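Coordinates in review
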Amino acid sequence: MTVLEIMERAGMKETTLAIAWMKDAFHLIQSNVKEHTKSEKSNIIDGIREYPLPADMIALKSISIKDTTDSKYKRIRRLTHSPVVSEDTDPE
Amino acid sequence: MSYDTHKTWFYQLVGRDIHLWQYVESNATDTLAGIRISLPDEYYGKQLIYPDEDITNGLRVEYTALIEPFVDEAWESLTARASSSTISFGDGDGGSSRDTINYTSGLGDFATGDKVRIIGSASNDGDYVIANAASSSILEVAAGSFATEAVGQSITVYQIPDEDTTPGESNHINLNRMLSLAVVDYIKAQLSDSKGELERKEYYMREFWKKVGDNESNKRKISVTFPSGPFAIR
């Protein structure tokens, strides 16, 4: 459906505002249902615990770690409680 | 070497970061000359430790994002598709030295400007834009896109949405028709909100969520059966 058709159906005339609201609606849909998903991969580094979430992320679907014995990404579980160790200054 | 990662790795979300933890039932280890060894002076037992190895592309995050919100063609019309083991690729053999996709009489549904995705090839998988739909047997893409590849692989070429980063009235929202109708309701809700008509806003937001929910249930086929009692009237 074109932007113009959506505007006409909604009875709206300002294109810029209509496009902004369409993006808001798209965002809301993506926030609640997994309509379009994407994935991002990054290297895991020995001794490093923190990895940034993707900057363009709206809703997280899953986190996986590569099993190097069979080259498959396997979904991992979220910790329900924070570990006792808040920071390890000598992780090796 | 990571193994059984679904059992031995855990994550925690802290603000904008993912914290990764490895579960070990031993003491911390180190790798010496390719052999993993236990460190004698470390605590032995069940513990969560920081990742203790390098894994190239080891972390995969799957998520939703504002992915290509506006495209050049309606979602429902992205129907061009060719799938065969007789598709081949040429390097610089098209007009103006463009690269080519070749499939005898099987590429007639594609048009110039279409964005396509190739899967199943030996060396040319990826997304490309058709620079010239020369005939029903030849599609041309920009020079330098392909490596020459003879027939033999089971290859599929199919059309995907082509994003427009500066959308205008003629562009399409990258949603199917049901969700596009939901967007109409969302805009009506915002218009009602700007006029202070809160009841109408609530009505249109309900309609919005109803259509989003309908769209989700359209993807699921659920059958419900009810057992009938032995004395039920039939």
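Residues numbered from 1 in each chain as written. Chains lettered and ligands numbered in written order. Predicted model: local features only at pLDDT ≥ 70, side-chain atom pairs only at ≥ 80, totals over all residues. Heavy atoms only, no water.

1. Examining the sheet that holds strand β3 (residues 57–67) of chain A
Within a sheet, each strand pairs with its neighbour through backbone hydrogen bonds, oriented either parallel or antiparallel. Spatially, 4 strands are ordered β1(A)-β6(B)-β3(A)-β4(A) in an open sheet, and the strand pairing comes out antiparallel. The outermost strands of the open sheet, each flanked by one partner alone, are β1 (37–44) and β4 (72–75) of chain A. In this sheet, adjacent strand axes meet at a mean angle of 35° when their direction is disregarded. Bridging between β1 of chain A and strand β6 (residues 55–65) of chain B involves 7 bridges; their strand directions are antiparallel. Residue pairing across strands places Ile44 of chain A opposite Ile55 of chain B, the latter belonging to β6 of chain B. Across the sheet, helix α2 (residues 15–32) of chain A lies against β3 of chain A together with β6 of chain B, angled at about 40° from β3 of chain A, the strand it touches most. (Pairing = 2+ DSSP bridges. Helix = DSSP H or I, 4+ residues; strand = E, 2+ residues; numbered from the N terminus. Axes fitted to C-alpha atoms, helices over the stretch in contact; angles between N-to-C directions. Contact = heavy atoms within 4.5 Å.)

2. Focus: the confidence of the model for chain B
Residue and element names in this part refer to chain B. This prediction gives chain B a mean pLDDT of 89; 97% of its residues lie at or above 70. At the level of individual helices and strands, chain B shows its lowest average pLDDT in strand β3 (residues 29–32), which scores 73, and its highest in helix α2 (residues 177–194), which scores 96. In the predicted assembly, ipTM is 0.90 and pTM is 0.78. (pLDDT = per-residue confidence, 0-100.)

3. What about the interface of chain B and chain A?
On the side of chain A, 76 residues touch chain B, which itself brings 72 residues to the contact. Buried surface at the junction of chain B and chain A, both sides included, amounts to about 7,500 Å², of which 64% is carbon and sulfur. In this structure, Lys61 of chain A engages Glu62 of chain B in a salt bridge whose closest nitrogen and oxygen atoms are separated by 3.8 Å. Where chain B touches chain A, the interface holds 35 residue pairs in polar contact (both at pLDDT 80 or more). Mapped by element, the contributors of at least two residues to the side of chain B that touches chain A are α1 (5–8), β1 (9–14), β2 (17–26), β6, β15 (172–173), α2 and α3 (198–217) of chain B. (Buried area = accessible area lost by both parts, 1.4 Å probe. Salt bridge = Lys/Arg side-chain N within 4 Å of Asp/Glu carboxyl O. Polar contact = N/O pair within 3.5 Å; in protein donor to acceptor, adjacent residues only side chain to side chain.)

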